[in-house]
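Notes for the structure review
Each chain, letter by letter, is given below.
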Amino acid sequence: MAQPAALQAPVFLVVESQSAGETKAWGRRLASLLEGGELIALCGELGAGKTCFVKGLARGLRLREEEILSPSFTIIQEHSGRLPFYHIDLYRLDEVELDTLGLREYLFSEAVSAVEWFERLREGAELQRLQVEISYASASHRLIRFSAAGGRYAAIVERLRAGFL
Ligand SMILES: Nc1ncnc2c1ncn2[C@@H]1O[C@H](COP(=O)(O)OP(=O)(O)O)[C@@H](O)[C@H]1O
Ligand SMILES: [Mg+2]
C-alpha cells in the first residue's frame with residue numbers, strides 16, 4: 001500500500017561541484033535520464049551556475065552549448081535536440097504567473113523545460129518538477145541539490161543517485 005505523502009521520505013540528492021565543467025557534467029547526466037515532458041526548476045542566486053547547468057543539459061540533449069544564451073532579452077528560447085527543449089529565464093521578471101507569456105503551454109508539453117529563477121513563478125510550488133538548487137560554497141565550489149516534487153521525478157533523482165554512488 002502506498003504511504004501517505006507526508007510519511008514518505010523526501011527524495012533528494014546533494015552533490016558538490018568544484019568547477020563549471022563539473023556542473024555541466026551533472027546537467028548532461030540529468031539529460032540522459034529525460035524522456036520529454038519534464039520540468040526542471042532551477043533556483044540559486046545570480047552567478048550560482050544555473051545557466052552553466054542548462055548548458056550541460058543542452059549538451060546531453062545533443063544541442064550545442066553555444067546555443068544557450070544568458071542573460072538575454074529573450075525570456076523563452078526554443079531548441080530542438082534529442083527532444084524539444086525550452087530554456088526559460090525569469091530573471092527579468094519580478095513575479096510571473098502561469099497564464100502569462102503562454103508559460104502554461106511551455107511547461108505542460110512534451111518538451112523538456114528548464115526554468116531559471118523558477119521561484120519567481122507564483123504557482124511554482126504547486127507544480128510537479130525536478131528542483132535543482134545551486135548554492136555557492138566558494139569561488140569555484142558549488143552545492144547542487146536535486147529534489148523531486150511529484151510523481152515521475154523521484155525515480156529520476158533515484159537514478160541520478162544510483163549513478164553517483
Ligand atoms: N562549480 C561551478 N559551477 C558552475 N559555475 C561555476 C562553478 N565555478 C565557477 N563557475 C562560474 O560561475 C559562473 C556561473 O554563471 P551562470 O551559470 O551564468 O550563473 P546563473 O545562471 O546562476 O546566474 C560562470 O562564470 C561559471 O564559469
Ligand atoms: Mg542564468
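Use the structure listed above.
This text gives an overview of the structure that appears in the document.

Scoring rules and cut-offs
- Residues numbered from 1 in each chain as written.
- Chains lettered and ligands numbered in written order.
- Predicted model: local features only at pLDDT ≥ 70, side-chain atom pairs only at ≥ 80, totals over all residues.
- Pairing = 2+ DSSP bridges.
- Helix = DSSP H or I, 4+ residues; strand = E, 2+ residues; numbered from the N terminus.
- Axes fitted to C-alpha atoms, helices over the stretch in contact; angles between N-to-C directions.
- Near = placed C-beta within 6 Å.
- Nonpolar A, V, L, I, M, F, W, Y, C, P; charged D, E, K, R; others polar.
- Expected span 1.5 Å × (residues − 1).
- Contact = placed C-beta atoms within 7 Å.
- Parallel < 35°, antiparallel > 145°, perpendicular 65-115°, else oblique.
- Left-handed = near helix turned anticlockwise from the far one by under 90°.
- Buried ≥ 20, exposed ≤ 12 C-beta atoms within 10 Å, placed from the backbone.
- Arc of directions from axis to C-beta.

A closer look at the sheet that holds strand 6 (residues 129-138)
Through backbone hydrogen bonds, the strands of a sheet pair up, either in parallel or in antiparallel fashion. Pairing is mixed in the open sheet, where seven strands are placed in the order 1-7-6-2-5-4-3. Edge positions in the sheet fall to strand 1 (12-17) and strand 3 (76-80), since each of these pairs with one other strand and no more. The average undirected angle you get between the axes of adjacent strands in this sheet is 20°. Where strand 2 (residues 39-43) and strand 5 (residues 112-116) come together, four bridges link them in parallel fashion. Within strand 5, the position partnered with leucine 39 by the bridge is serine 113.

Looking at the site of ligand 1
Neighbouring ligand 1 are 18 residues, the closest being Thr23, Gly49, Lys50, Thr51 and Cys52. When contributions to the shell around ligand 1 are tallied by element, the ones reaching two or more residues are helix 1 (20-31) and helix 2 (50-60). Residues of the shell around ligand 1, tallied by class, amount to four nonpolar, 10 polar and four charged.

Structural notes on helix 1
Quick reminder: α-helices carry 3.6 residues per turn. Residues three or four places apart thus point the same way. Helix length check: helix 1 (12 residues) gives 17 Å between terminal C-alpha atoms against 16 Å at 1.5 Å per residue, within 8%. Taken together, the buried residues of helix 1 touch strand 1, helix 2, strand 7 (141-149) and helix 4 (151-164).

Details of the packing of helix 1 against helix 2
One can describe the packing of helix 1 onto helix 2 by two numbers: an axis separation of 7 Å at closest approach and a directional angle of 45°. Judged by the inter-axis angle, helix 1 sits oblique to helix 2. Helix 2 is crossed by helix 1, and the crossing has right-handed handedness. Contact residues: helix 1 offers Ala20, Thr23, Lys24, Ala25, Trp26, Gly27, Arg28, Leu30 and Ala31, while helix 2 offers Cys52, Phe53, Val54, Lys55, Gly56, Leu57, Arg59 and Gly60. By residue class, the composition of the contact of helix 1 with helix 2 is nine nonpolar, four polar and four charged.

Notes on helix 4
All buried positions along helix 4 are accounted for by Tyr153, Val157 and Leu160. The arc that holds every buried residue of helix 4, seen down its axis, measures 60°, which confines them to one face. Opposite the buried face of helix 4, by more than 90 degrees, sit the exposed residues Gly151, Arg152, Ala155 and Ala162. Against strand 1, helix 1, strand 6 and strand 7 lie the buried residues of helix 4.

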